[in-house]
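Fold and contact review
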Amino acid sequence: MLGWRHFCLLPGVALLASPRLQAGLHACGSALSVAGLRRDASCSPAKFLMHVEILQELRADAAAPVDRKGAGAVALSGHQGEHQDSSFEVLVAVMLSAQTKDGVTYKTMQDLRAHGLSAQKIVDMPIERLTKLVGKVEGKLEVNYHRRKAVYMKKTSQLLLEKYSGSVPDQLCQLLELPGVGEKTALLYLQVAKGKVEGIAVDTHVHRIANALGWTGSPTKTAQQTRRQLEKRIPRRMWGMINPLVVGFGQELRENKSELLRKCLASSNPRLALQLLADCGMKVQREMEKAGLETQDYAG
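So, here is what we can say about the structure in this document.

Conventions adopted
Sequence order as written defines the numbering, with residues in each chain counted from 1. A pLDDT threshold of at least 70 governs which residues receive local features in this predicted model, and a stricter bar of 80 or more applies before side-chain atom pairs are shown or counted, although totals over entire chains, interfaces and linings include all residues. As a convention, hydrogens and water are excluded, and side-chain values are obtained from all of the structure's heavy atoms. Pairs were defined over the aromatic rings of Phe, Tyr and Trp, the Trp ring being its six-membered one, requiring ring centres within 6.5 Å. Orientation was assigned from the angle between planes: stacked under 30 degrees, edge-to-face over 60, tilted for the rest. The helix count covers DSSP runs of H or I at least four residues long, the strand count covers runs of E at least two residues long, and both are numbered beginning at the N terminus. The salt bridge criterion pairs a side-chain nitrogen of Lys or Arg with a carboxyl oxygen of Asp or Glu, the two atoms within 4 Å. Type-normalised accessible area, obtained with a 1.4 Å probe on protein chains alone, sets the label of each residue: buried when under 20%, exposed when over 50%, and partly exposed for intermediate values. Between the first and last residue of a helix there are one fewer steps than residues, each counted as 1.5 Å, and that sum is the expected span. Any two residues having at least one pair of non-hydrogen atoms within 4.5 Å are treated as being in contact. Polar contacts, as used here, are pairs of N or O atoms within 3.5 Å; protein pairs need one atom able to donate a hydrogen and one able to accept it. Residues neighboring in sequence count only if both atoms are side-chain atoms. For helices, the fitted line uses only the C-alpha atoms of the stretch in contact; every axis is such a line through C-alpha atoms, and the angle between N-to-C directions lies from 0 to 180 degrees. Each angle receives one of four descriptions, namely roughly parallel if under 35 degrees, roughly antiparallel if over 145, roughly perpendicular if within 65 to 115, and oblique otherwise. In this scheme the crossing of two helices becomes right-handed for a clockwise turn of the near helix relative to the far one and left-handed for an anticlockwise turn of less than a right angle. Ten residues, namely Ala, Val, Leu, Ile, Met, Phe, Trp, Tyr, Cys and Pro, are considered nonpolar, four, namely Asp, Glu, Lys and Arg, are considered charged, and the remaining ones, Gly among them, are considered polar.

1. So, the packing of aromatic side chains
Summed over the entire model, instances satisfying the criterion amount to 1 aromatic pair. Between Phe48 and Trp215 the ring centres are 5.0 Å apart and the planes differ by 75°, which places this aromatic pair in the edge-to-face class. Taken together, the residues Phe48 in helix H4 (residues 45-58) and Trp215 in the loop between helix H14 (204-212) and helix H15 (223-233) connect sequence positions 167 residues apart.

2. Some details on the pattern of salt bridges
Taken as a whole and judged by the stated rule, the model has 12 salt bridges. One salt bridge connects Arg113 with Glu89, and the closest N-O pair in it is separated by 2.6 Å. In this pair, Arg113 is assigned in helix H8 (residues 102-114) and Glu89 in helix H7 (residues 87-97), connecting sequence segments 24 residues apart. In terms of burial, Arg113 and Glu89 fall into one category: buried. A salt bridge links Lys101 to Glu255, with the nearest nitrogen and oxygen atoms 3.7 Å apart. Residue Lys101 is found in the loop between H7 and H8, and its partner Glu255 is found in helix H16 (residues 239-255); the two are separated by 154 residues along the sequence.

3. Focus: H8
In this model H8 runs 19 Å from its N-terminal to its C-terminal C-alpha over 13 residues, within 8% of the 18 Å that 1.5 Å per residue would give. Within the sequence span of H8, burial applies to Asp102, Val104, Thr105, Tyr106, Thr108, Met109, Leu112 and Arg113. Following H8 by one or two positions, Gly116 adopts a phi angle in the positive range, close to 95°.

4. Some details on the environment of Asp102
Tracing the chain through its elements places Asp102 in helix H8. Residue Asp102 is classed as buried on the basis of its relative accessible area, which comes to 12%. Separated by 41 residues in sequence, Asp102 and Val143 place their C-alpha atoms 9.6 Å apart. Ignoring sequence-local partners within four residues, the contact set of Asp102 consists of Pro65, Val66, Lys69, Gly70 and Gln251. Within the local environment of Asp102, its side chain forms a polar contact with the side chain of Gln251, the two groups lying 2.6 Å apart.

5. Details of the packing of H7 against helix H11 (residues 146-164)
At a minimum axis separation of 11 Å, H7 and H11 run at an interaxial angle of 150°. With respect to H11, the axis of H7 lies roughly antiparallel. Relative to H11, H7 is oriented so that their crossing is right-handed. Seen from H7, the contacting residues are Phe88, Leu91, Val92, Met95, Leu96 and Ser97; seen from H11, they are Lys149, Tyr152, Met153, Thr156, Ser157 and Leu160. Here the contact of H7 with H11 is built from residues that sort into 8 nonpolar, 3 polar and 1 charged.

6. Remarks on unusual backbone geometry
Residues other than glycine seldom take positive phi values, yet Tyr145 does so here, at roughly 60°. Looking at the element boundaries, Tyr145 is found in the loop between strand E2 (141-142) and H11. What makes Tyr145 partly exposed here is its relative accessible area of 44%.

7. Digging into the environment of Pro179
Counting through the fold element by element, Pro179 comes out in the loop between helix H12 (172-175) and helix H13 (183-194). Pro179 sits 26 residues away from Met153 along the chain, and the two C-alpha atoms are 7.7 Å apart. Apart from the residues lying within four places of it in its own chain, the contact partners of Pro179 are Met95, Tyr152, Lys155, Thr156 and Leu159.

8. Let's talk about the environment of Glu177
Tracing the chain through its elements places Glu177 in the loop between H12 and H13. Note on Glu177: relative accessible area 48%, which makes it partly exposed.

9. Considerations on H13
Taking 1.5 Å per residue as the helical rise, H13 with its 12 residues ought to reach 16 Å, and the 16 Å between its terminal C-alpha atoms agrees with that figure. Residues Thr185, Ala186, Leu187, Leu188, Tyr189, Leu190, Gln191 and Val192 constitute the buried set of H13. The inward-facing, buried residues of H13 contact helix H6 (71-76), H7, H12, H15 and H16. Phi turns positive, to about 65°, at Gly195, one or two residues after H13.

Right, dumping it as structure tokens:
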């Protein structure tokens, strides 16, 4: 399991623990105007920074699946040599991870590595074998849309060999030309593999939670709309923290409610933390009762 120190060392995530950011979070007043976050009745700059601060507390243990088995963990756990480039592995991991549990992606990456994982090896591998490798995991779970993703992996690998000698490009426009690579995949790849933050990678967790907390101002219907609104409203220096911060929170909100509630009660502002859960759709009092937690101090 990755500890907080390792979590902060993932490309694009170090800002989460930055003393400079922490100072800014505690000085919400004058710093907000400088930050450039637009004021809006749905989520003021002060409220946004309060949300970020409490989310950082709740995520400090890096206990979500994305922390242990997401694309960043793939980058840190590769079996390649110390000086070899793991960019292709990260690209494959991000492609496979779309609408798929991180644990399934992580196990699939291990299976692919065991058979050799490079653009040339993917091109040489029969599509039937590749489809099987990215299909069932231990006979139970599977990478969602694994047949389509296997085809994309073949086509992308072929294009990488033809245009980039098997390497993965590091420009957003070039990445978006690769089959099966959309905005979120490209942005997340750049952040994890190259430490480049070109935008906010918006998945279903970020889309849902950003809307629930009012970060988008007015509601948005698609991930692309959410990305555009967040990038308008959030200072660029904070873009890199949004995906890892919110995705892990979303996973815990869905999969580990009782432990998340305990972390809220142990936080510096339990009432704000619990209200944040309620704003994101949790029936807080009911879940606290189910977890055997005291509810008299919560009036949500």
